[in-house]
Amino acid sequence: MGRFWSFLSALTILCGAALLPAKAAVTLVQPVELDNKIDDIKDALADVNADPAGLHVRAQRMFDQAQDTHHIPVTGIGEWQRPEALTADPAEEADVAATLRKFKGLVTSEPPPPIAKSPDAHNRILEDYAAFEDLVGQDRVKKDTDGQLPKNAVAAYVWNVAESAKDGAVDGMMLAQPALFKAARKLGEFILPTLGAHEPRHRMEHLQDAKKLSDQVQDEEVEAFYDEGALMTWMDPSGEKFMYLWTVTVERPDTPKFVVEYVKHLAKVRYAYSQGRPAIKQLVQELGYEDKPGQYQATQQAVQAPAAAGQPGS
């Protein structure tokens with residue numbers, strides 16, 4: 001196994017969602033006053049308490065909105081293509097770059113989605129996007145072509161637990177089943193809740209406190225599923241897309257089993273999110289996640305023991 005495969009953190013069945021048009025019409029919005037937006041960015045940069053992830057996204061909003069606006073819908077001018085699905089054609093499968101582009105389109109669109117009324121959830125999704133973008137930029141989001149993941153795990157944030165126990169939180173990577181990208185032909189943008197929110201939240205939690213993510217599995221899963229549900233609400237506030245997805249997947253006998261299970265799981269996560277963290281905790285327990293108290297300390301002791309054995313007088 002490679003250096004990141006020695007420990008798999010918080011595995012989950014991932015959620016997916018809608019069979020959407022291969023190509024969507026470009027929607028042009030009213031022109032924006034860039035002068036005002038530039039002033040907003042300057043004011044935000046002057047604030048020493050400003051959130052870096054928020055600043056990153058606000059800057060992207062300014063430039064993307066400028067590309068999205070035009071007085072007259074002239075083809076090729078003022079357009080920024082954002083297909084509703086993650087594949088250019090129903091016969092193709094999604095890739096990591098397409099997933100990131102779709103996520104960027106969601107968080108940089110204006111006006112802000114209804115979830116913006118919930119500052120906690122809104123800010124967490126912006127953090128998740130920044131974390132996911134960082135992982136992609138470092139080429140740390142990979143398809144599991146070697147079968148390292150268990151069959152019931154669609155994706156996971158993985159890291160070397162021995163290195164983290166020895167040197168503090170050492171960053172890992174995100175690993176995803178190739179089947180997830182193939183399923184994007186039917187699931188479209190709804191592979192994002194896991195790749196764009198669930199696993200990036202694990203990554204942030206790990207970098208902040210490797211011991212907590214290692215030992216307090218249930219609590220960490222609650223946080224990741226919270227963000228997964230929040231992103232689903234961001235993408236589909238009314239739930240109409242999901243209801244359509246259910247109709248064209250779960251209710252059709254020719255739908256692949258992987259997709260059906262994924263959509264059913266998605267329904268459970270979305271409902272739990274709507275009920276709050278206690279409901280998410282119950283879902284986590286029903287899915288079989290168990291805490292592993294003392295695991296991180298035991299790993300530390302195992303790593304430190306050989307070094308101690310080599311010291312004079314030992």
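About the thresholds
- Residues numbered from 1 in each chain as written.
- Predicted model: local features only at pLDDT ≥ 70, side-chain atom pairs only at ≥ 80, totals over all residues.
- Heavy atoms only, no water.
- Salt bridge = Lys/Arg side-chain N within 4 Å of Asp/Glu carboxyl O.
- Helix = DSSP H or I, 4+ residues; strand = E, 2+ residues; numbered from the N terminus.
- Buried < 20%, exposed > 50% of the residue type's maximum accessible area, 1.4 Å probe, protein only.
- Contact = heavy atoms within 4.5 Å.
- Phe/Tyr/Trp six-rings, centres within 6.5 Å; stacked < 30°, edge-to-face > 60°.
- Lys NZ or Arg CZ within 6 Å of the ring centre and 35° of its normal.
- pLDDT = per-residue confidence, 0-100.
- Core = buried A, V, L, I, M, F, W, Y, C linked by side-chain atoms within 4.5 Å.
- Axes fitted to C-alpha atoms, helices over the stretch in contact; angles between N-to-C directions.
- Nonpolar A, V, L, I, M, F, W, Y, C, P; charged D, E, K, R; others polar.
- Parallel < 35°, antiparallel > 145°, perpendicular 65-115°, else oblique.

**Q** How do you make sense of the pattern of salt bridges when you look at a structure like this?
**A** Oppositely charged side chains may form a pair once their charged atoms are brought near each other. Applying the stated rule across the entire model yields 16 salt bridges. Its salt-bridge partner being glutamate 189, residue lysine 102 comes within 3.3 Å of it at the nearest N-O pair. Separated by 87 residues along the polypeptide, lysine 102 in helix α3 (residues 96–108) and glutamate 189 in the loop between α6 (178–187) and α7 (192–208) bring together distant segments of the chain. Overall, lysine 102 belongs to the buried group, its relative accessible area being 12%. Residue class for glutamate 189 comes out buried when judged on its relative accessible area of 1%.

**Q** What should I look at first to understand the environment of isoleucine 125 in this one?
**A** Along the polypeptide, isoleucine 125 turns up in helix α4 (residues 119–137). For isoleucine 125, a relative accessible area of 0% gives the class buried. In contact with isoleucine 125, not counting residues within four places along its chain, are Phe103, Val107, Ala197, Asp227, Ala230, Leu231 and Trp234.

**Q** Explain the packing of aromatic side chains here, please?
**A** When we look at a pair of aromatic rings, we describe it by the centre distance and by the angle of the planes. Summed over the entire model, instances satisfying the criterion amount to 7 aromatic pairs. For the ring pair phenylalanine 103 and phenylalanine 132, a centre distance of 6.2 Å and an interplane angle of 45 degrees mean the geometry is tilted. Of this pair, phenylalanine 103 sits in helix α3 while phenylalanine 132 is found in helix α4, placing the two residues 29 residues apart along the sequence. Here phenylalanine 103 and phenylalanine 132 have matching classes, each one buried. Three or more aromatic residues joined by ring pairs make a cluster, and in this case those are Phe103, Tyr129 and Phe132. It is lysine 143 that lies over the ring of phenylalanine 181; its NZ or CZ is 5.0 Å from the centre. Positioned over the ring face of tyrosine 226 is arginine 277, at 4.0 Å from the centre of the ring.

**Q** Can you help me understand the side chain of histidine 206 in this one?
**A** By secondary structure assignment, the location of histidine 206 is in helix α7. A relative accessible area of 0% places histidine 206 in the buried class. If we ignore the near neighbours within four places in the chain, the residues touching histidine 206 are Tyr157, Trp159, Ser164, Ala169, Val170 and Leu213.

**Q** In this structure, what is going on with the confidence of the model for the protein chain? I would like to understand it.
**A** Keep in mind that low pLDDT regions are not for reading the predicted coordinates in detail. With 71% of its residues at a pLDDT of at least 70, the protein chain reaches an overall mean of 75. The low-confidence segment residues 1–31 (pLDDT under 50) makes 122 contacts with residues lying over four places distant or belonging to another chain. Below a pLDDT of 50 lies the segment residues 69–84, which in the model reaches 34 contacts outside its immediate sequence neighbourhood of four places, other chains included.

**Q** Would you explain the nonpolar core in this entry?
**A** Nonpolar side chains tend to gather and get buried jointly when the protein is soluble and globular. Counting 54 residues, the largest nonpolar core has Ile191 and Leu195 as the members making the most contacts within it. Counting residues per element, this core draws most heavily on helix α9 (residues 217–235), at 9 residues. With near-sequence residues (within four places) excluded, leucine 195 lies in contact with Thr99, Phe132, Ala155, Met174, Ala176, Leu180, Phe181 and Pro200. Counting 5 residues, the second largest nonpolar core, distinct from the first, contains Leu149, Val158, Met173 and Leu175.

**Q** Sorry, what's going on with the packing of helix α11 (residues 257–275) against helix α12 (residues 277–286) here?
**A** Contact geometry for α11 and α12: axes closest at 6 Å, N-to-C directions at 145 degrees. Contacts from Lys268, Val269, Ala272, Tyr273 and Gln275 in α11 reach Ala279, Ile280 and Leu283 in α12. Of the residues that constitute the contact of α11 with α12, the class distribution is 6 nonpolar, 1 polar and 1 charged.

**Q** Looking at this structure, I do not really get unusual backbone geometry. What am I missing?
**A** The bulk of non-glycine residues show a negative phi, and the bulk of peptide bonds are trans. Not every positive phi belongs to a glycine, and aspartate 139 is a case in point at roughly 60 degrees. The class for aspartate 139 is partly exposed, based on a relative accessible area of 48%.

**Q** How should I be thinking about the packing of α6 against α11 in this particular structure?
**A** If you want to describe how two helices pack, look at the angle between their axes and the distance between the axes. Relative to each other, α6 and α11 sit at 75 degrees, their axes nearing to 10 Å. What the angle tells us is that α6 and α11 run roughly perpendicular. Across the interface between the two elements, Ala179, Leu180, Ala183, Lys186 and Leu187 from α6 touch Phe258, Val259, Tyr262 and Val263 from α11. Counted by class, the contact of α6 with α11 contains 8 nonpolar, no polar and 1 charged residues.

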